[in-house]
Amino acid sequence: MKRFNKTLICILLVALMLCVLASCDDKPQPKTLSDVIPELGEHEVAVIIQNGEGDYAVYVVDLVEDMDATSSSLCSVLLTYLQNNKELYIDWSLSEYGRFINAIGGITPDTSKNEYVEVFTSNPDYQGTWAGVSTIEAGDITLKSASVGVSIMHVRFGDVIYFELSSY
């Protein structure tokens, strides 16, 4: 009987340990936008694309060294640089209002679901000021929906440009 009790206790302890191990959460937590915003150097800008929940593509470009810019660049020129030199996927079309982003990185909006690519900027000169403007607080940086398109918006040293899938 003592032998049976010891065996039973061992089996129960092993079962309990297996339950504890099975309940451990080893899954990595999704990253947030605050987690991926890089520290930028003197002449750098960041382009961040949210490809899915917790999945971000981050590009850092030195406007002076990489693009020969003096203090700023058109956002569309920056995106073309990334497309040609960093393999960023962009599908855009030209309209009378400038370039329209149909898809970027891993974002491909489904227009039947009223989805679109929303552009955010940290540059106050190009942040929307209308009531209810989409705003994201990411650490020390405030990103707001851009008030103009990428063909008109300039990026300057230290700016963060962020793209995500949105819907209306």
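Anything mentioned here points back to the structure above.
Residues numbered from 1 in each chain as written. Predicted model: local features only at pLDDT ≥ 70, side-chain atom pairs only at ≥ 80, totals over all residues. Heavy atoms only, no water.

1. Re unusual backbone geometry
To keep it simple, the criterion reads: Secondary structure follows DSSP: runs of H or I at least 4 residues long count as helices, runs of E at least 2 residues long count as strands, and numbering of each begins at the N terminus.
Even without a glycine there, the phi angle at Glu87 is positive, about 60°. Following the sequence through the fold, Glu87 ends up in the loop between helix H4 (75-85) and strand S4 (90-95). Unusually for a residue other than glycine, Asn114 sits at a positive phi of about 60°. Among the structural elements, Asn114 can be located in the loop between strand S5 (98-104) and strand S6 (115-121).

2. Here we look at the pairing of strand S10 (residues 160-167)
Regular strands place their side chains on alternate faces of the sheet. This is how it is decided: Exposure categories follow from relative accessible area, calculated using a 1.4 Å probe and restricted to protein chains: below 20% of the type maximum is buried, above 50% is exposed, and the middle band is partly exposed. Pairs of strands are assigned from DSSP output, requiring at least two bridges between the strands.
With respect to burial, S10 is a largely interior element, six of its eight residues being buried. Note that strand S1 (residues 44-52) and S10 share four bridges and pair parallel. Opposite Ile49, over in S10, you have Phe163 as the bridge partner. The pairing of S6 with S10 spans seven bridges and is antiparallel. Within S10, the position partnered with Thr121 by the bridge is Ile161.

3. Some points on the pattern of salt bridges
Between side chains of opposite charge, a pair can form when the charged atoms approach closely. Note the threshold: Put simply, a salt bridge is a Lys or Arg side-chain nitrogen that is within 4 Å of an Asp or Glu carboxyl oxygen.
Applying the stated criterion across every chain, the model contains two salt bridges. Linking Asp125 and Arg156 is a salt bridge whose minimum nitrogen-to-oxygen distance equals 3.5 Å. Of this pair, Asp125 sits in the loop between S6 and strand S7 (135-138) while Arg156 is found in strand S9 (residues 154-156), placing the two residues 31 residues apart along the sequence. Here Asp159 ties to Arg156 by a salt bridge, and the two come within 3.7 Å at their closest N and O atoms. When its relative accessible area of 33% is taken as the criterion, Arg156 is described as partly exposed. If you follow the salt bridges from partner to partner, you end up with Asp125, Arg156 and Asp159 in one network.

4. Here's the deal with the side chain of Gln127
The cut-off we apply is this: The term polar contact refers here to a pair of N or O atoms within 3.5 Å; inside protein, the definition further demands a hydrogen-donor-capable atom paired with an acceptor-capable atom, and it admits residues adjacent in sequence only when both atoms are side-chain atoms. The contact criterion used is simple: two residues touch if any of their non-hydrogen atoms lie within 4.5 Å.
Tracing the sequence through the fold places Gln127 in the loop between S6 and S7. Take Gln127: its relative accessible area is 12%, and that puts it in the buried class. Within the local environment of Gln127, its side chain forms a polar contact with the backbone oxygen of Thr142, the two atoms lying 3.1 Å apart. If we ignore the near neighbours within four places in the chain, the residues touching Gln127 are Thr121, Ser122, Thr142, Leu143, Lys144, Ser145 and Ser147.

5. Observations concerning H4
The α-helix advances 3.6 residues per turn, and as a result positions three or four apart in sequence lie on the same side. Within H4, burial applies to Cys75, Ser76, Leu78, Leu79, Tyr81 and Leu82. Glu87 sits one or two residues past H4 and shows a positive phi near 60°.

6. Concerning the packing of aromatic side chains
Put simply, the rule is: Here the aromatic set is Phe, Tyr and Trp, taking the six-membered ring for Trp, and pairing holds for ring centres within 6.5 Å; pairs whose planes are under 30 degrees apart are stacked, those over 60 apart are edge-to-face, and all others are tilted. In this scheme, Lys NZ or Arg CZ marks a charge over a ring once it lies within 6 Å of the ring centre and within 35 degrees of the ring normal.
In this structure the tally under the stated criterion is two aromatic pairs. Aromatic side chains Phe120 and Tyr162 sit 5.7 Å apart centroid to centroid with 45° between the ring planes, which places their arrangement in the tilted category. A residue pair is termed long-range when its members are at least 10 positions apart, and Phe120 in strand S6 and Tyr162 in strand S10 qualify at 42 residues. Across the pair, Tyr162 and Phe120 agree in class, each one buried. Sitting above the plane of the Trp92 ring, Arg99 keeps its charged end 4.3 Å from the centroid.

7. What about the pairing of S6?
The element S6 is largely enclosed, with a buried count of five among its seven residues. Relative to strand S8 (residues 141-145), S6 runs antiparallel, the two sharing two bridges. Note that in S8 the partner of Thr121 across the bridge is Lys144.

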